[in-house]
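A structural walkthrough
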Amino acid sequence: MKIARWLAGAVVIGVLTYLNFFVFRAPILVKLINVSLFSALFVLYRVIRGPSPADRIIAVDILGILIIGVLVLLGLHYDQGFFMDIALIWALLSFVASLAFAKVLEGRRLDD
Amino acid sequence: MIRHTIGMAFICLGIVFDFLGVLGLLRLPDVYNRLQAATKCVTFGSAGLLFGVFVLKGFTSFGFKALLAIAFIFLTSPIAAHAIARAAHRSRIPLCKESVVDLYEADHEIRKEGGHAAS
């Protein structure tokens, strides 16, 4: 069972890497953006199937930081400055959201 | 040309760290292990990625916003991780079977026996 799960994960990651780097024809920056988006997909697996609520909160926190990276790379690719503004605002708001989730998990009120 | 190479190297390093951190988030057995692996790796990876963008763009507004984002991430991510770990430990989420020591729990019991107000 454990070996089957290991093998399934290795096959999924191998197929995605092969399709991304050897089949898909694009500039190298777009391929790197694809790797970040695959990472966000794996984080979404942990959001959906996390055994405890803390796992889901951690996954949402990590997803926020990953999205900052994706936004910065998109701004570099399209050569537009406003993606950086969105990334800064996203960083602050995801921090506030993580603190609020932690307080709710601890069982206190938000104004405590 | 040299600047482009160094910037792309930093960006690739950051992407690799991001991916390894997410792999740790998937693979490790426990809330606290997952939190440790994911927060450290993804924070450092995103900081390296933003520093690569700063090297690529130079001293423009784009590059300075990247540096500001590095400062935000380094300030906010450990605080959020600490708050989540504390909340998870207080809401009695168990540790995994292989864990050896739980110093936070021992500290809490000592504080309760000593008669101080457990906040």
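From a predicted model like this one, the values you see are computed outputs, not experimental measurements.

1. Topic: the overall build of chain B
Of the regular secondary structure elements, chain B holds 4 helices and 0 strands. Taking 119 residues into account, the globule formula puts the C-alpha radius of gyration at 14 Å, and chain B, at 19 Å, lies well above it. Taken along its principal axes, the extent of the C-alpha atoms in chain B is 65 × 30 × 15 Å. The 119 residues of chain B split such that 38% are buried.

2. A few points about unusual backbone geometry
Where the residue is not glycine, phi is negative for most of them; where a peptide bond is considered, it is trans in most cases. One non-glycine residue, aspartate 79 of chain A, lies in positive phi territory at about 60 degrees. When you line up the elements, aspartate 79 of chain A lands in the loop between helix H3 (53-78) and helix H4 (82-106). Look at aspartate 79 of chain A and you get exposed, because 9 C-beta atoms sit within 10 Å. Residue arginine 92 of chain B is not a glycine yet carries a positive backbone phi of 65 degrees. Mapped onto the elements, arginine 92 of chain B comes out in the loop between helix H3 (61-90) and helix H4 (103-113).

3. Quick word on the nonpolar core
Core analysis: the biggest nonpolar cluster contains 55 residues, and Ile62 and Val72 of chain A together with Leu50, Ala66 and Ile84 of chain B have the highest contact counts within it. Per-element tally for this core: the top contributor is H3 of chain A, with 14 residues. Excluding residues within four positions of it along the chain, isoleucine 62 of chain A makes contact with Val43 of chain A together with Leu25, Ala38 and Val42 of chain B.

4. A look at the confidence of the model for chain B
Residue and element names in this part refer to chain B. Counting all residues, the mean pLDDT for chain B is 86, and 93% of those residues have values of 70 or more. Of all secondary-structure elements in chain B, the lowest mean pLDDT belongs to H4, at 75, while helix H1 (residues 2-27) reaches the highest, 91. Both confidence scores are given for the complex: pTM 0.86, ipTM 0.87.

5. Some remarks on the interface of chain B and chain A
Across the boundary between the two partners, chain B contributes 38 residues, which contact 35 residues of chain A. Of all the elements in the fold, those that place two or more residues in the side of chain B that touches chain A are H1, helix H2 (31-57) and H3 of chain B. Broken down by class, the residue content of the side of chain B that touches chain A amounts to 27 nonpolar, 7 polar and 4 charged.

6. Re the packing of helix H2 (residues 28-49) of chain A against H1 of chain B
At a minimum axis distance of 9 Å, the contact between H2 of chain A and H1 of chain B shows a crossing angle of 15 degrees. Classed by the angle they form, the pair H2 of chain A and H1 of chain B counts as roughly parallel. As for how H2 of chain A packs across H1 of chain B, the hand of that crossing is left-handed. Across the interface between the two elements, Leu32, Val35, Ser36, Ser39, Phe42, Val43, Tyr45 and Arg46 of chain A of H2 of chain A pack against Ile11, Cys12, Ile15, Asp18, Phe19, Val22, Leu25 and Leu26 of chain B of H1 of chain B. Looking at the contact of H2 of chain A with H1 of chain B residue by residue, the class counts come to 12 nonpolar, 2 polar and 2 charged.

7. Examining the environment of leucine 19 of chain A
All names here are of chain A. By secondary structure assignment, the location of leucine 19 is in helix H1 (residues 2-23). Look at leucine 19 and you get exposed, because 11 C-beta atoms sit within 10 Å. Residues leucine 19 and leucine 92 lie 73 residues apart in sequence; the distance between their C-alpha atoms is 35 Å.

8. Examining H3 of chain A
All names here are of chain A. Counted at 1.5 Å a residue, the expected span for H3 with its 26 residues is 38 Å, and the 37 Å between its end C-alpha atoms agrees. The element H3 is largely enclosed, with a buried count of 19 among its 26 residues. Of the residues flanking the end of H3, it is aspartate 79, one or two places downstream, whose phi is positive at about 60 degrees.

Conventions adopted
Residues numbered from 1 in each chain as written. Chains lettered and ligands numbered in written order. Predicted model: local features only at pLDDT ≥ 70, side-chain atom pairs only at ≥ 80, totals over all residues. Helix = DSSP H or I, 4+ residues; strand = E, 2+ residues; numbered from the N terminus. Rg over C-alpha atoms; globule rule 2.2 N^0.38 Å. Buried ≥ 20, exposed ≤ 12 C-beta atoms within 10 Å, placed from the backbone. Core = buried A, V, L, I, M, F, W, Y, C linked by C-beta atoms within 7 Å. Contact = placed C-beta atoms within 7 Å. pLDDT = per-residue confidence, 0-100. Nonpolar A, V, L, I, M, F, W, Y, C, P; charged D, E, K, R; others polar. Axes fitted to C-alpha atoms, helices over the stretch in contact; angles between N-to-C directions. Parallel < 35°, antiparallel > 145°, perpendicular 65-115°, else oblique. Left-handed = near helix turned anticlockwise from the far one by under 90°. Expected span 1.5 Å × (residues − 1).

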